[in-house]
Amino acid sequence: MPEPDLLTSSEVAALEQRGVDAILARIRTGALPAVRLPGGIYRVHRADVTGTPRPPVRLDGHPEWLRTGQAAALLRVHADTVRVWANAGALPSVLTEGGGLLRHHRIHRQVVERLLNTTGEA
């Protein structure tokens, strides 16, 4: 299953040969669809930059419950960022029962799908 092709605002700026501030302005006005992640981080689907049709993101080939690293890779953020969002309640998750103090967040793949498919005005 191919991973969603998400770009950071810096990557979009490099592709379009514009400044990052110009890209963020386009995102904020709704001229460029973007995924807004918890914490105000934006990701742009490559198809939205190139103007090609983008089918909905489906994560059917992934486990039902994603580890923080798996969710981070899909969202193009660091695993620690996913943990911070989960701890703050900004990203719905469950905690596994672990030995001692070790408990791990698991994020349902539909939560990540929803984030990746919610684009539009920021």
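Now for a quick tour of the structure. (Residues numbered from 1 in each chain as written. Predicted model: local features only at pLDDT ≥ 70, side-chain atom pairs only at ≥ 80, totals over all residues. Heavy atoms only, no water.)

**Structural notes on the nonpolar core**
Move 1: In terms of nonpolar packing, the biggest core is built from 20 residues, with Leu-75 and Val-112 touching the most fellow members.
Move 2: When near neighbours in sequence (up to four residues on either side) are disregarded, Leu-75 contacts Leu-6, Leu-37, Arg-43, Trp-85, Val-112, Leu-115 and Leu-116. (Core = buried A, V, L, I, M, F, W, Y, C linked by side-chain atoms within 4.5 Å. Buried < 20%, exposed > 50% of the residue type's maximum accessible area, 1.4 Å probe, protein only. Contact = heavy atoms within 4.5 Å.)

**Observations concerning the pattern of salt bridges**
Move 1: A full pass over the atoms with the stated rule returns eight salt bridges.
Move 2: Across the pair Glu-16 and Arg-18 runs a salt bridge whose closest N-O atoms are separated by 3.4 Å.
Move 3: Residue class for Arg-18 comes out partly exposed when judged on its relative accessible area of 45%.
Move 4: Between Arg-26 and Glu-16 there is a salt bridge, with its nearest N and O atoms 2.4 Å apart. Residue Arg-26 is located in helix 2 (residues 20-29), and its partner Glu-16 is located in helix 1 (residues 9-16); the two are separated by ten residues in the primary sequence.
Move 5: A single network of salt bridges, built from pairs that share partners, joins Glu-16, Arg-18 and Arg-26. (Salt bridge = Lys/Arg side-chain N within 4 Å of Asp/Glu carboxyl O. Helix = DSSP H or I, 4+ residues; strand = E, 2+ residues; numbered from the N terminus.)

**Describing the side chain of His-108**
Move 1: As for its position among the elements, His-108 is in strand 6 (residues 105-108).
Move 2: Excluding residues within four positions of it along the chain, His-108 makes contact with Glu-64 and Trp-65.

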